[in-house]
Amino acid sequence: MANHWWEIQVLCDPTLEDLIFWRLQTFGCQGTSSETKGTSRFVQAYLPQEAAQLLDLAALSLAFRQDAISVSLPVPGVHWHLIDEEDWASGWKKYWQPQPIGDCFLVCPAWLSPPEAPERTILHLDPGVAFGTGDHATTQLCLESLEMRLALNSGEKQNITLADIGCGSGILSIGALLLGAERAYAVDTDPLAVRSTAANAKLNEIDGDRLRVSQGSIDRLIETLAEPVDGIVCNILAEVIIDLIPHFEAISKPTTWGVISGVLLDQAKAVADTLEQQGWMVATLWRRKEWCCFNIRREQ
Ligand SMILES: C[S@@+](CC[C@H](N)C(=O)[O-])C[C@H]1O[C@@H](n2cnc3c(N)ncnc32)[C@H](O)[C@@H]1O
C-alpha cells in the first residue's frame, strides 16, 4: 500500500467527463471523484506516487488536450501535486534500488552502499524533487545513447563537451562525465533541478569546473558558452523541444551530435520534421514503451 499519492485535478466540460474517467482509470488511478463547479465538472483522481513520473503526467495531460480538441471542446485545466510530500521525501526512498542501465551504468541511490568491486560504473544519485532517477524510459534511452557515443568511441572522447538542456537531477551530464567527457554545461529552468544537479555532481566527486550548472535554458547557454559544444542532450517534452531545435545551431559546430528524448511516439514525426527543417539528420530513432529517443547529427 503506497503512503504517498499524486492528486490529479481536471476541470473539464461535462461532455468530456466519461472520457477523462476512462483515461484516468487506464492510467492506473485507484480513486476518482467528481463534482460540479459552475458549468464545468471537477474531477479528482489518485495514484501511488511511484506509479507515475512527471513526464507520464504531462503525457496524460496532453491526451486530455487532444481529446478535447478533436471534438472542438475547451481544453481541460489539469493540475497535479503530491499529497503528503514531506513524508514522501523520505518514504519513497524505500522503494528505490540500484538500477543497471545500458551496458555500463549502475544508478545507485545515495543512501545505499554501492556493491563492492562493481562491474559497472556507479552513478550516485539523490534527485530530491528533481526529475531523473534513471527509472524513466526517456532517461534510460538518453544514457544508453551517451554510452554509445562515449564508451564505444573511447579514442575520441577525451575532449568532448556537452550541453545538457533540462538537466533535472543532472543524471545525463554526470553519466557523460563518468564516461570520460571533459565538461558538461547543464541548464534547467527549475531552480530545484539546478541545486540537485550541483549536489549530485559532488556526490560523484565531479569537480564544479567539469559540470557547470545554471538556471535557464538554451538562451543561457548561447549567452555564456565561449565555444560550441560537441554534443547536446535534451530530454524534455516534444512541444518544448520543437521550440528549442532552431536554437541548437547557435551552440553547435558541423560535427556536433545530439540525443533528444521526452518525445512520445505519436509526436515523433513533428520533432523529426523540425529537425530536418533545421539541418539535423536523424541517425537512429530508439523506442521504449511509448517514448522515443533521437540520435541526431548535423546534415553535411
Ligand atoms: C524530463 S526532465 C529530464 C531530467 C533529466 N535530464 C533526465 O533525462 O532524466 C525535464 C527537465 O527539463 C526542465 N525544463 C522544462 N522546460 C525547460 C526549458 N525550456 N529549458 C530548460 N529546461 C527545461 C524541467 O524543469 C525538468 O527538470
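An unreviewed UniProt entry lists the protein chain under the name Ribosomal protein L11 methyltransferase, from Roseofilum casamattae BLCC-M143. As recorded by UniProt, the Catalytic activity (unreviewed entry) comment attached to the protein chain reads in full: "L-lysyl-[protein] + 3 S-adenosyl-L-methionine = N(6),N(6),N(6)-trimethyl-L-lysyl-[protein] + 3 S-adenosyl-L-homocysteine + 3 H(+)". In UniProt, the protein chain has this text filed under Sequence similarities (unreviewed entry): "Belongs to the methyltransferase superfamily. PrmA family."

Draft legend 1. Molecular detail of the environment of Ser33. On the secondary structure map, Ser33 appears in strand 2 (residues 31-37). Classification of Ser33 as partly exposed rests on a relative accessible area of 32%. Once the C-alpha coordinates of Ser33 and Gln9 are considered, the two residues, 24 residues apart in sequence, prove to be 9.7 Å apart. Leave out the neighbours within four places in its chain, and Ser33 touches Phe21, Phe42, Val43 and Gln44.

Draft legend 2. Inspection of helix 1 (residues 17-27) at higher detail. Of all the positions in helix 1, only Glu17, Ile20, Phe21 and Leu24 are classed as buried. Across the axial projection of helix 1, the buried residues extend over an arc of 100°, all falling on one side. Turned more than 90 degrees away from the buried face of helix 1, the exposed residues are Asp18 and Thr26. Within two residues after helix 1, Gly28 carries a phi angle of roughly 110°, on the positive side.

Draft legend 3. Spatial organisation of the site of the ligand. Taken together, 17 residues are adjacent to the ligand, and Thr139, Gly166, Asp188, Ser217 and Asn235 come closest. Here a nitrogen atom of the ligand sits 2.9 Å away from a polar atom, N or O, in the main chain of Gly166. Contacts to the ligand include Ser217, whose side-chain N or O atom sits 2.7 Å from a nitrogen atom. Protein chains shield 85% of the accessible area of the ligand, which is 600 Å² for the free molecule. A breakdown of the residues in the shell around the ligand according to their chemical character gives seven nonpolar, eight polar and two charged.

Draft legend 4. A look at the pattern of salt bridges. Throughout the structure, instances matching the rule amount to eight salt bridges. For Arg23, the salt bridge goes to Asp67, with nearest N and O atoms at 2.6 Å. Of the two residues, Arg23 sits in helix 1 while Asp67 sits in helix 2 (residues 54-70), which places them 44 residues apart along the sequence. By relative accessible area, which is 25% here, Arg23 ends up partly exposed. Measuring nitrogen to oxygen at the nearest pair gives 2.7 Å for the salt bridge that ties Lys269 to Asp273. Here the residue Lys269 and the residue Asp273 both occupy positions in helix 9 (residues 268-277), the gap between them amounting to four residues, near one helical turn.

Draft legend 5. Layout of helix 9. Taken as a whole, helix 9 has its buried residues at Ala268, Val271, Thr274 and Leu275. One side of helix 9 carries all its buried residues, which in axial view fall inside an arc of 135°. Exposed and oriented more than 90 degrees from the buried face of helix 9 are Lys269, Glu276 and Gln277. On its buried side, helix 9 packs onto helix 8 (238-248), strand 12 (252-264), strand 13 (280-288) and strand 14 (291-298). The positive-phi residue at the C-terminal boundary of helix 9 is Gly279, with phi of around 85°.

Rules behind the numbers
- Residues numbered from 1 in each chain as written.
- Predicted model: local features only at pLDDT ≥ 70, side-chain atom pairs only at ≥ 80, totals over all residues.
- Heavy atoms only, no water.
- UniProt positions renumbered as here; feature names shortened; annotations may be inferred.
- Helix = DSSP H or I, 4+ residues; strand = E, 2+ residues; numbered from the N terminus.
- Buried < 20%, exposed > 50% of the residue type's maximum accessible area, 1.4 Å probe, protein only.
- Contact = heavy atoms within 4.5 Å.
- Arc of directions from axis to C-beta.
- Near = heavy atom within 4 Å.
- Polar contact = N/O pair within 3.5 Å; in protein donor to acceptor, adjacent residues only side chain to side chain.
- Areas by Shrake-Rupley, 256 points an atom, 1.4 Å probe, with all protein chains shown as cover.
- Nonpolar A, V, L, I, M, F, W, Y, C, P; charged D, E, K, R; others polar.
- Salt bridge = Lys/Arg side-chain N within 4 Å of Asp/Glu carboxyl O.

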